[in-house]
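A structural walkthrough
The primary structure of each chain is shown beneath.
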Amino acid sequence: MFSLSGITPSGEAHLGNYLGAVRRWAAEPGPEDLYFVSNLHAMTTRHDPGRLRVLTDHQLALLIAAGVPRERLFVQSDLIHEHMALTWLLECTCTFGEARRMVQFKEKSQGSSSVRLGLLTYPVLMAADILLHGASEVPVGHDQNQHVELARTLARRFNTDYGDVFTVPQAVLPVAGARVRDLAVPTRKMSKSSSDGSGIVYVLDSPEAVRRKFRRAVTDGENTVRYAPDEQPGVANLLEIMAACTDTLPDDAAKGIDSYRDLKEATAEAVISLIAPVRERVLQLLEERSELQKIRAEGAERARRRSRDRLDRALSLAGLK
Ligand code: AQP
């Protein structure tokens, strides 16, 4: 049993990605678990190739800096032939109706007159990611459950139609990590691809930028520091962030803080203490480059070796070898 998790370079990684996912991956990696930079998934809308290249490096560096074991890491496009070969087999296994029913496709394509085909088919690419590497578990939030369900359907159908080759994966709830919300719009999740970055704390933000963003965090007019997510979402978000950074509970984080100003300052300092060493290490890896490239190449080689037999067998069962 092992799980597969990815981070998509659709923008710079932020505090939500770090507190909600990456930090956990580093703290509790199962011995067989795999983590990857899912850069092929960052192309379903028009993208800037130079920026994608840079963001891919940044996110790989972040995973390494955070302490995710390097032998469990790879970059998806380093195995582009493998991922694409299996995607084609699975596209020829998936019906148009199944792809079109995906809620995320409906939501993301709504109102757009130039929807890329990749937006329709990326759940099949996601199925290929999971099945290629033989993951038995996929930790996903509720919004991705349907995609794992599709991967299960495709694995079963391929196994039945052509021969048993794929592990049928299951979606598992990720170990609860912090859900970080946007500092400017605290009812919304902090998101890489938000058009307005003022409420997003990026892992690579300088300490001064972090302080500035927290100083401007939206709160409310109550002037009471207490943990009440429904009535005071902005204050609750700050308390949750502080609690996640200091390993305590939001109610406890509120103790001894009397003003919003102090709360914002204390939260900013807690964030800076936690992410400053990670940021330093990321910048060091990006500057040296040779270590990053070595880890990337070794990760690709290991991932290729681990998945080769499964892909060859699938190609052979489909009559292509
Ligand atoms: N705000 C968040 N709080 C807690 N966890 C979060 N994650 C994302 N945002 C938050 C977790 O980070 C991991 C990697 O995310 P992803 O790259 O797969 O994309 P995402 O979930 O769609 O994240 P974003 O930042 O919101 O990107 P865009 O804007 O491109 O959609 C995942 O484990 C995710 O749960």
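Source: prediction; values computed, not measured.

The residue Cys 92 is located in the loop between α3 (80-91) and α4 (96-100) in this model. Classification of Cys 92 by relative accessible area gives partly exposed; the value is 48%. Spatially, the C-alpha atom of Cys 92 lies 25 Å from that of Thr 8, the residues being 84 residues apart in sequence.

Below, the discussion takes up the domain arrangement of the protein chain. Taken domain by domain, the protein chain comprises domain 1 (4-177 + 289-317) and domain 2 (197-283). In this structure, domain 1 and domain 2 have C-alpha centres spaced 31 Å apart. Each partner contributes residues to the interface: domain 1 has 14 residues there, and domain 2 has 15 residues. With both chains or domains summed, domain 1 and domain 2 bury close to 1,200 Å², and 74% of this area falls on carbon and sulfur atoms. Its largest share of buried area at the contact with domain 2, domain 1 owes to Leu 15, Tyr 18 and Ala 65, together 38% of the area lost on that side. Where Arg 281 meets Glu 291, a salt bridge forms, and the shortest distance between an N and an O atom there is 3.2 Å. The set of elements that each furnish at least two residues to the side of domain 1 that touches domain 2 consists of α1 (15-27) and α2 (49-66). By residue number, the principal contributor to the side of domain 1 that touches domain 2 is α2, which donates 5 residues. By residue class, the composition of the side of domain 1 that touches domain 2 is 8 nonpolar, 2 polar and 4 charged.

Moving on, we get to the sheet that holds strand β3 (residues 73-75). Across the sheet, which stays open at both edges, the 3 strands sit in the order β1-β2-β3 with parallel pairing between neighbours. In this open sheet, the two strands that pair with only one neighbour each are β1 (4-7) and β3. Across the sheet, the axes of successive neighbouring strands diverge by a mean angle of 25 degrees, strand direction being ignored. Relative to β3, strand β2 (residues 34-37) is paired through 3 bridges, and the arrangement is parallel. Bridging across to β3, Phe 36 finds its partner in Phe 74.

Looking now at empty space enclosed by the protein. With the rule as written, the count across this model stands at 2 cavities of 30 Å³ or more. Here the largest cavity is characterised by a volume of approximately 50 Å³. Lining of the largest cavity is provided by Glu 12, Ala 13, His 58, Gln 59, Leu 62, Val 203, Leu 204 and Val 282. If you tally residues by element for the lining of the largest cavity, the top one is α2, at 3 residues. Classifying every residue of the lining of the largest cavity by side-chain character gives 5 nonpolar, 2 polar and 1 charged. Counting residues domain by domain, the lining of the largest cavity receives three or more from each of domain 1 (4-177 + 289-317) and domain 2 (197-283). In this model, the second largest cavity occupies a volume close to 40 Å³. Counting only elements with at least two residues in the lining of the second largest cavity, the list comes to α8 (207-215) and α11 (260-288).

Now for the pattern of salt bridges. Applying the stated criterion to the full structure yields 23 salt bridges. As a salt-bridge pair, Arg 211 and Glu 269 come within 2.7 Å of each other at their nearest N and O atoms. On the criterion of sequence distance, the pair formed by Arg 211 in helix α8 and Glu 269 in helix α11 is long-range, its members being 58 residues apart. Accessibility expressed as a relative area gives 27% for Arg 211, which makes it partly exposed.

Where α2 contacts helix α12 (residues 290-317), the axes come no closer than 11 Å and their chain directions differ by 85 degrees. Here α2 is positioned roughly perpendicular relative to α12, judged by the angle of their axes. Across from Thr 56, Asp 57, Leu 60, Ala 61 and Ile 64 in α2, the residues of α12 making contact are Leu 292, Ile 295 and Arg 296. Counted by class, the contact of α2 with α12 contains 5 nonpolar, 1 polar and 2 charged residues.

Near the ligand you find 17 residues, and of these Ser 10, Lys 189, Ser 191, Lys 192 and Ser 193 are the closest. In the model, a nitrogen atom of the ligand is placed 3.1 Å from a nitrogen or oxygen of the Gly 16 main chain. The separation between an oxygen atom of the ligand and a polar side-chain atom of Asn 17 is 3.1 Å. In the complex, 78% of the free accessible area of the ligand, which totals 640 Å², lies under the protein chains. Only β1 and α1 provide two or more residues apiece to the shell around the ligand. For the shell around the ligand, the element with the most residues is α1, which contributes 4 residues.

Thresholds, definitions, all that
- Residues numbered from 1 in each chain as written.
- Predicted model: local features only at pLDDT ≥ 70, side-chain atom pairs only at ≥ 80, totals over all residues.
- Heavy atoms only, no water.
- Helix = DSSP H or I, 4+ residues; strand = E, 2+ residues; numbered from the N terminus.
- Buried < 20%, exposed > 50% of the residue type's maximum accessible area, 1.4 Å probe, protein only.
- Domains from an automatic or database assignment.
- Contact = heavy atoms within 4.5 Å.
- Buried area = accessible area lost by both parts, 1.4 Å probe.
- Salt bridge = Lys/Arg side-chain N within 4 Å of Asp/Glu carboxyl O.
- Nonpolar A, V, L, I, M, F, W, Y, C, P; charged D, E, K, R; others polar.
- Pairing = 2+ DSSP bridges.
- Axes fitted to C-alpha atoms, helices over the stretch in contact; angles between N-to-C directions.
- 1 Å grid on protein atoms, 1.4 Å probe; cavity = no way out; pocket = protein on both sides within 12 Å on 5 of 7 lines; lining within 4 Å.
- Points joined across faces, edges and corners; volume = space filled by probe spheres on them.
- Parallel < 35°, antiparallel > 145°, perpendicular 65-115°, else oblique.
- Near = heavy atom within 4 Å.
- Polar contact = N/O pair within 3.5 Å; in protein donor to acceptor, adjacent residues only side chain to side chain.
- Areas by Shrake-Rupley, 256 points an atom, 1.4 Å probe, with all protein chains shown as cover.

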